[in-house]
Amino acid sequence: MRNKLEISKTITNEKGKIIFFGLQHFLDDITHGNCCFICGAKPGSKEFNDEHIIPNWILKKYNLHNKYITLPNGTKFKYGQYTVPCCEECNSELGKTYEVPISKLLNKTYLEILEEINKDPKILHFLFKWLCLIFLKTHLKDKTLLSERDIRIDAGFLSDKYYWEEMHHIHCISRSHYTNVKIDYNVYGTIFIVPAMAIEKADGFDFMDNEVSKTIMLQLDEFCIISVLNDSCAGFTLYNDNFSRIGGPLSPFQIRDIFAHLSFININLKERPIYFSLFNSSLNEYKIKATMPKLVELLDEKERFISSGQLLRQFVEPMIGEVQNKKQILKEIEENKRNYLFDNNGNFIKN
Ligand SMILES: [Zn+2]
């Protein structure tokens, strides 16, 4: 058992509203408890109706209510029952604030969405906050899911291995609509919207995220959004050259190639941005800021935690199926000898 964390205290305004969850409070009530993940209300103290992890309008659009999401332990979980504790009031607020405008935006075509963003680049920040919300909800759920599907093996819950302190920052972003916090521009992470090939098998919908690299991907028909939630755009800085060479709709393998590279960058940054909250004494101003590294660069090769090939293998292995030379293919992916995005001359591989 570790000692109680004393590094940050909960800050409540004069009306009793929690403006800032201290880290220990966040761990006790939100990640390990069952309080409303936005306002912190205890179960029974208010009406609860729980919030869908994948927004309901997406479940409806892609007819997913009775379909299954595959969790990191291989378990399949019905999307319709994939929810986290949320009070009715916060749930309806989330709908109004995020889901109504975002469903309107993301029901447009890829080119129309780009046009909207060109007109108002702040839309990217809004999408980023929404992705933080989905990511947070996904991983709050893991506290109730066993690491091993075989219940004879006592491996604890999926979330036991998480480093919740980083999730605390994502939680602060996810409830920014509730606290009215001002988020500095350099707190926002990498976000790419890319054209994608329709995936027949999945009926146009695809989703994945990675807890370690804080990377999330959501495909809705002909476009895909990939974001890194705590890299302060390091991925954008180091990957943008590749991104600008993309010359057509991406296959699921190519999307995972980008996902692996952005994850690789974020995991192996030499110096990381550090996020912190600031309040003035009357609590009417709350800001989230970042201390930025002087240089955006990767660790020296021998110090890196994982290679992009190892990550790519992890992400594409479930898609490869039972082919004859599967072992060889996986080995090549892991050794960075297979590239889904660019050929040997650096040209984009069209599908
Ligand atoms: Zn609430």
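As a starting point, this report considers the structure included with it.

Here is what the cut-offs are and how they apply
Residues numbered from 1 in each chain as written. Predicted model: local features only at pLDDT ≥ 70, side-chain atom pairs only at ≥ 80, totals over all residues. Heavy atoms only, no water. Donors = N, O, S within 2.8 Å, 3.2 Å for Na, K, Ca; no water. Tetrahedral: all angles 85-135°; square planar, octahedral: opposite > 155°, others 65-115°. Buried < 20%, exposed > 50% of the residue type's maximum accessible area, 1.4 Å probe, protein only. Axes fitted to C-alpha atoms, helices over the stretch in contact; angles between N-to-C directions. Helix = DSSP H or I, 4+ residues; strand = E, 2+ residues; numbered from the N terminus. Parallel < 35°, antiparallel > 145°, perpendicular 65-115°, else oblique. Left-handed = near helix turned anticlockwise from the far one by under 90°. Contact = heavy atoms within 4.5 Å. Nonpolar A, V, L, I, M, F, W, Y, C, P; charged D, E, K, R; others polar. Phe/Tyr/Trp six-rings, centres within 6.5 Å; stacked < 30°, edge-to-face > 60°.

## Concerning the coordination of the zinc ion
Then step 1. Every protein donor of the zinc ion is accounted for by Cys 36 (SG), Cys 39 (SG), Cys 87 (SG) and Cys 90 (SG), and the metal-donor separations fall at 2.3 to 2.4 Å.
Then step 2. Taken together, the four donor atoms surrounding the zinc ion define angles of 98 to 118° at the centre, an arrangement classified as tetrahedral.
Then step 3. Accessibility expressed as a relative area gives 0% for Cys 87, which makes it buried.

## Some words on the packing of helix H8 (residues 234-243) against helix H9 (residues 252-267)
Then step 1. Relative to each other, H8 and H9 sit at 130°, their axes nearing to 9 Å. Relative to H9, H8 is oriented oblique. Where H8 crosses over H9, the two elements pack in a sense that is right-handed. For the pair formed by H8 and H9, the contact residues are Ala 234, Gly 235, Leu 238 and Tyr 239 on the first element and Ile 258, His 261, Leu 262 and Ile 265 on the second.
Then step 2. Classifying every residue of the contact of H8 with H9 gives six nonpolar, two polar and no charged.

## A short note on the packing of aromatic side chains
Then step 1. In the structure shown here, the tally under the stated rule is 13 aromatic pairs.
Then step 2. Consider the rings of Phe 20 and Tyr 286, whose centres lie 6.4 Å apart with planes at 90°: the pair is edge-to-face. Here the residue Phe 20 occupies a position in strand S2 (residues 18-20), and Tyr 286 occupies one in strand S13 (residues 286-291), the gap between them amounting to 266 residues.
Then step 3. Relative accessible area serves as the criterion here: at 5%, Tyr 286 is assigned to the buried category.
Then step 4. Residues Trp 57 and Trp 130 carry aromatic rings whose centres are separated by 6.4 Å and whose planes lie at 20° to one another, so their mutual orientation is stacked. Highlighted residues: Trp 57 in helix H2 (residues 56-61) and Trp 130 in helix H5 (residues 122-141), separated in sequence by 73 residues.

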